[in-house]
Amino acid sequence: MKSNRELKAEAKAILRGRWKDSVLMCIVPTLISIAIALVIIVLAVIPLYQSGMFNDLGSTDAVNSAGGSGGSGGGGLISGLFSALFGAGISWTFLDILRGKKQSIQPFSDVFRGFSGAFVLGIIVIYILSTIFTTLWTFLFIIPGIIKAYSYSQAYFVFYDTYEETGMRPDFLSCITGSRHLMKGYKGQLFILDLSFIGWHILAIMTAGIGYLWLTPYISATKAAFYDNLPKRALA
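Residues numbered from 1 in each chain as written. Predicted model: local features only at pLDDT ≥ 70, side-chain atom pairs only at ≥ 80, totals over all residues. Heavy atoms only, no water.

Caption draft 1: Spatial organisation of the nonpolar core. The biggest cluster of nonpolar side chains holds 50 residues, and the ones touching the most others in it are Trp92, Phe94, Ile123, Ile126 and Phe226. When contributions to this core are tallied by element, the ones reaching two or more residues are helix 1 (4–15), helix 2 (19–25), helix 5 (71–98), helix 7 (120–140), helix 9 (155–166), helix 10 (172–182), helix 11 (187–195) and helix 13 (212–229). If near-sequence neighbours (up to four positions away) are discounted, tryptophan 92 is found in contact with Arg113, Gly114, Phe119, Ile123, Tyr156, Phe157, Phe159 and Tyr160. (Core = buried A, V, L, I, M, F, W, Y, C linked by side-chain atoms within 4.5 Å. Buried < 20%, exposed > 50% of the residue type's maximum accessible area, 1.4 Å probe, protein only. Helix = DSSP H or I, 4+ residues; strand = E, 2+ residues; numbered from the N terminus. Contact = heavy atoms within 4.5 Å.)

Structure, rendered in structure tokens:
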């Protein structure tokens with residue numbers, strides 16, 4: 001397995017000469033993410049305003065009214081699902097380029113690969129199952145939930161590779177199981193890889209999310225390189 005520094009170098013090689021198309025590919029999901037974030041903020045603020053919390057911050061009724069709103073939770077699930085659908089298409093595109101199966105990016109078609117009939121159901125079901133399993137583990141304690149999230153992190157790649165190799169849609173649970181096998185001994189490396197992007201995330205947030213047009217391709221290409229370098233014998 002290559003080091004994180006080497007994986008990032010691979011990602012930069014993938015993006016070299018393709019930055020323009022990579023940024024264009026990320027325009028739609030970035031705008032949707034910003035829009036969803038704004039909606040969540042509005043849904044959280046409106047109950048506070050209507051309950052008079054801004055006028056009476058000490059009101060118990062106001063706090064209960066604001067806390068009883070499920071808008072932000074539902075918005076988070078919707079945001080996560082859209083991220084999975086768009087993220088899968090973007091990551092698969094970079095994986096294909098890394099493997100030499102694609103030479104160029106078609107920004108406004110590749111970004112919607114996850115929405116195609118062959119893949120959309122698989123992504124949705126894997127997202128729901130992974131969310132349920134991770135949530136159940138989180139009920140035990142936060143740390144197990146985080147560990148399991150990393151265990152399931154390669155399920156979309158496993159789904160894609162299995163479909164490409166067999167031409168048949170794989171069993172959804174087997175994709176999650178396959179991801180768990182692949183990530184044995186590598187969850188810590190992926191965690192450290194994610195930590196290495198924190199500074200870039202802060203900069204992207206400071207630009208009201210616009211910076212993600214460049215950060216998303218960089219991270220997605222790096223994660224594609226990470227998956228491609230995982231020892232596939234771990235699936236056996």
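Caption draft 2: Structural view of unusual backbone geometry. Phi is positive for alanine 208, which is not a glycine, with a value near 60°. Take alanine 208: it is sitting in the loop between helix 12 (198–206) and helix 13. For alanine 208, a relative accessible area of 56% puts it in the exposed group.

Caption draft 3: Main features of the packing of helix 11 against helix 13. Interhelical geometry of helix 11 versus helix 13 gives an angle of 165° and a closest axis separation of 12 Å. The angle between helix 11 and helix 13 places the two elements in the roughly antiparallel class. For the pair helix 11 and helix 13, the crossing hand works out as right-handed. Taking contact as the criterion, the partners of Gln189, Leu190, Leu193 and Asp194 in helix 11 are, on helix 13, Thr222, Lys223 and Phe226. Residue composition of the contact of helix 11 with helix 13, grouped by class: 3 nonpolar, 2 polar and 2 charged. (Axes fitted to C-alpha atoms, helices over the stretch in contact; angles between N-to-C directions. Parallel < 35°, antiparallel > 145°, perpendicular 65-115°, else oblique. Left-handed = near helix turned anticlockwise from the far one by under 90°. Nonpolar A, V, L, I, M, F, W, Y, C, P; charged D, E, K, R; others polar.)

Caption draft 4: Geometry of the pattern of salt bridges. Scanning all chains against the criterion turns up 8 salt bridges. For aspartate 96, the salt bridge goes to lysine 101, with nearest N and O atoms at 3.9 Å. Taking the relative accessible area as the measure of exposure, aspartate 96 reaches 3% and is therefore buried. A salt bridge links aspartate 161 to arginine 99; the shortest N-O distance between them is 2.7 Å. Remark: arginine 99 occurs in the loop between helix 5 and helix 6 (107–110) and aspartate 161 occurs in helix 9; sequence separation between them is 62 residues. The network of salt bridges with shared partners includes Asp96, Lys101, Arg113 and Glu164. (Salt bridge = Lys/Arg side-chain N within 4 Å of Asp/Glu carboxyl O.)

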